Amino acid sequence: MDVTADVLGPGYEAVELPMGRDAEGEVVATLVRRRGTDPSRRAVLYVHGFVDYFFQKHLADFYLDLGFDFYALDLRKYGRSLRPHQTPNYVESLSDYFPEIDEAVRIIRDVDGHDTLLLNGHSTGGLIAALWTDRVKGQGLVDGLFLNSPFVDLAEPLVLRKIGAGLARALRPRFPKATLPAGVSDRYPRSLHRDHEGEWEFDLAWKPLLGFPVRAGWLAAVRRGQLRLRRGLDVDVPVLVMASARSIRPTRKVLDVTGADAVLDVEHMARWAPRIGRHVTFVRIDGGLHDLVLSAEPARTQVFAELTRWAKAYLPAR
């Protein structure tokens, strides 16, 4: 394995995972690793969302305090894994991400020797994590699934959802990289970044305020994944789904997006969460942002308290 010091500094390592080639050329994913000072048989693997990458050091600190070694994937064409010849964040099937999750889990279990694994996905990463966990059911590779504001539906009125999904589906065969007219607001990322209204530091080249273009092939892939989940998955491990207590839609008149999910509709999450598996716990966080672990206090403390309680109840003891 190609292991280097990570951009997050002391204690963090980056493991480059070669993923072969696609139509744009060489593909890699990056496994970020931070292990505790005391040996642990328990680990967590974090999967980020769209226009995102792993930077939430306090999330790693939380898991280490809970007795988990921490791992995070920067998926192909995201963050640490994005190369100059690539279209940022682009795939044509969510299953394209399965090989890097497979390899990350192999390293966590077979190379680093962990026998308990929690998979933690945020937003689009939550959708991907749920689909992957359903795919490997019965194999004993994962012991629990935590989804932070999973992307289970498009955050538009029904008519616009149908129009957007239909347009993506029509363009995908001949023009998969066509940019769709998706209105992306910078209000949410501005509310996060410490140079604006937030308290967090992240790389604006990897997580830009205005995001990356939404392309037809990508949206069609997401929609297929969402419909697969809504038909019903069969995840065979305990699942925790958390969402904000409410959503808010940024507009010219609505500039303050703090204290709510400004990206997705939390009612969609409440509706579709039971379709993920046999044992699903759903928790709402008052004052939570789209990425719940980036919420202001006291919502952030509530997120970690709920996650701690659930993990102690449903995951094997250390």
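Owing to the predicted nature of the structure, the values given are computational and were not obtained by experimental measurement. Residue positions within a chain follow its written sequence, with the count starting from 1. For a predicted model such as this one, the threshold for reporting local features is a pLDDT of at least 70, and the threshold for listing and counting side-chain atom pairs is 80 or more; totals across whole chains, interfaces and linings nevertheless cover every residue. Note: side-chain values were computed over all heavy atoms of the structure, leaving out hydrogens and water.

### Describing helix α2 (residues 98-111)
What counts as a helix is a DSSP run of H or I of at least four residues, what counts as a strand is a run of E of at least two, and both are numbered from the N terminus. One fewer than the residue count of a helix, multiplied by 1.5 Å, yields its expected span. For α2, with 14 residues, the first-to-last C-alpha span of 19 Å sits near the 20 Å given by 1.5 Å per residue. Within the span of α2, buried status applies to F98, E100, I101, A104, V105, I107, I108 and R109. Residues are treated as being in contact if the distance between any of their heavy atoms lies within 4.5 Å. In this fold, the buried residues of α2 make contact with β2 (13-22), β3 (25-34), β4 (42-47), β5 (69-74), β6 (116-122) and α3 (124-135). Looking at the residues trailing α2, positive phi occurs at G113, about 80°. Whether a residue is buried, partly exposed or exposed follows from its accessible area with a 1.4 Å probe, protein chains only, as a fraction of its type maximum: under 20%, in between, or over 50%, in that order.

### Some points on unusual backbone geometry
Residue P298 is bonded to the preceding E297 through a cis peptide linkage, with omega at 10°. Tracing the sequence through the fold places P298 in the loop between β9 (280-285) and α8 (299-314). With phi around 65°, N89 is a residue other than glycine that occupies positive phi space. Among the secondary structure elements, N89 is positioned in the loop between β5 and α2. Overall, N89 belongs to the buried group, its relative accessible area being 1%. Although it is not a glycine, S149 sits at a positive phi angle of roughly 50°. Mapped onto the fold, S149 is located in the loop between β7 (144-148) and α4 (158-171). Its relative accessible area of 0% is what places S149 among the buried residues.

### Focus on the packing of α3 against helix α6 (residues 216-231)
Whenever a helix is involved, its axis is fitted only over the stretch in contact; in every case the axis is a line through C-alpha atoms, and angles between N-to-C directions fall within 0 to 180 degrees. Their axes nearest at 10 Å, the elements α3 and α6 cross at an angle of 55°. Compared by their axis directions, α3 and α6 come out oblique. The chirality of how α3 crosses α6 is left-handed. Together, T124, L127, A130, L131 and D134 of α3 and W218, V222, G225, Q226, R228 and L229 of α6 make up the contact between the two elements. Every angle not falling under 35 degrees, over 145, or within 65 to 115 is termed oblique; those three ranges are roughly parallel, roughly antiparallel and roughly perpendicular. Left-handed describes a crossing whose near helix is turned anticlockwise from the far helix by less than a right angle; the clockwise case is right-handed.

### A look at the sheet that holds β5
The rule for pairing is simple: two strands pair if DSSP sees at least two bridges between them. If you trace the nine strands from one edge of the open sheet to the other, you get β1-β2-β3-β5-β4-β6-β7-β8-β9, paired in mixed fashion. The sheet is open, and its two edges are formed by β1 (2-5) and β9, each paired on a single side. Sheet twist, expressed as the average angle between the axes of neighbouring strands with direction ignored, equals 20°. By the bridge criterion, six bridges tie β4 to β6 in an arrangement that is parallel. Directly across from L45, in β6, lies its bridge partner L119. Along the sheet, α2 makes contact with β2, β3, β4, β5 and β6, crossing β2 at roughly 145°. Lying over the sheet, α3 contacts β4, β6 and β7, oriented at roughly 140° with respect to β6.

### Thoughts on the packing of helix α1 (residues 57-65) against α8
How two helices sit against one another is set out by the angle between their axes and by the gap between those axes. Where α1 meets α8, the closest approach of the two axes is 12 Å, and the angle between their N-to-C directions is 35°. For the pair α1 and α8, the crossing hand works out as right-handed. Residue-level contacts link H58, L59, F62 and Y63 of α1 to R300, F304, L307 and T308 of α8. By the convention adopted, Pro, Cys, Tyr, Trp, Phe, Met, Ile, Leu, Val and Ala count as nonpolar, Lys, Arg, Asp and Glu as charged, and the other residues, Gly among them, as polar. Of the residues that constitute the contact of α1 with α8, the class distribution is five nonpolar, two polar and one charged.

### Quick word on the packing of aromatic side chains
Stacked, tilted and edge-to-face are the three classes assigned to paired rings of Phe, Tyr and Trp, where Trp is represented by its six-membered ring and a pair needs centres within 6.5 Å; plane angles under 30 degrees give stacked, over 60 edge-to-face, the rest tilted. Summed over the entire model, instances satisfying the criterion amount to 13 aromatic pairs. Arranged with centres 5.5 Å apart and planes meeting at 45°, the rings of Y53 and F55 form a pair that is tilted. The class of F55 is buried, set by a relative accessible area of 5%. When the ring of F55 is compared with that of F202, the centres are 5.1 Å apart and the planes differ by 45°; the resulting orientation is tilted. Of this pair, F55 sits in the loop between β4 and α1 while F202 sits in the loop between α5 (187-192) and α6, and the two are 147 residues apart along the sequence. A relative accessible area of 3% means that F202 is categorised as buried. These aromatic residues form a ring-pair network of at least three members: Y12, Y46, F54, F62, Y63, F68, F70 and F304. Above the face of the F202 ring, K207 is positioned so that its terminal group lies 5.7 Å from the ring centre. Charge-over-ring contacts are defined here by two conditions on Lys NZ or Arg CZ: a distance within 6 Å of the ring centre and an angle within 35 degrees of the ring normal.

Structural measurements only, silent on function.
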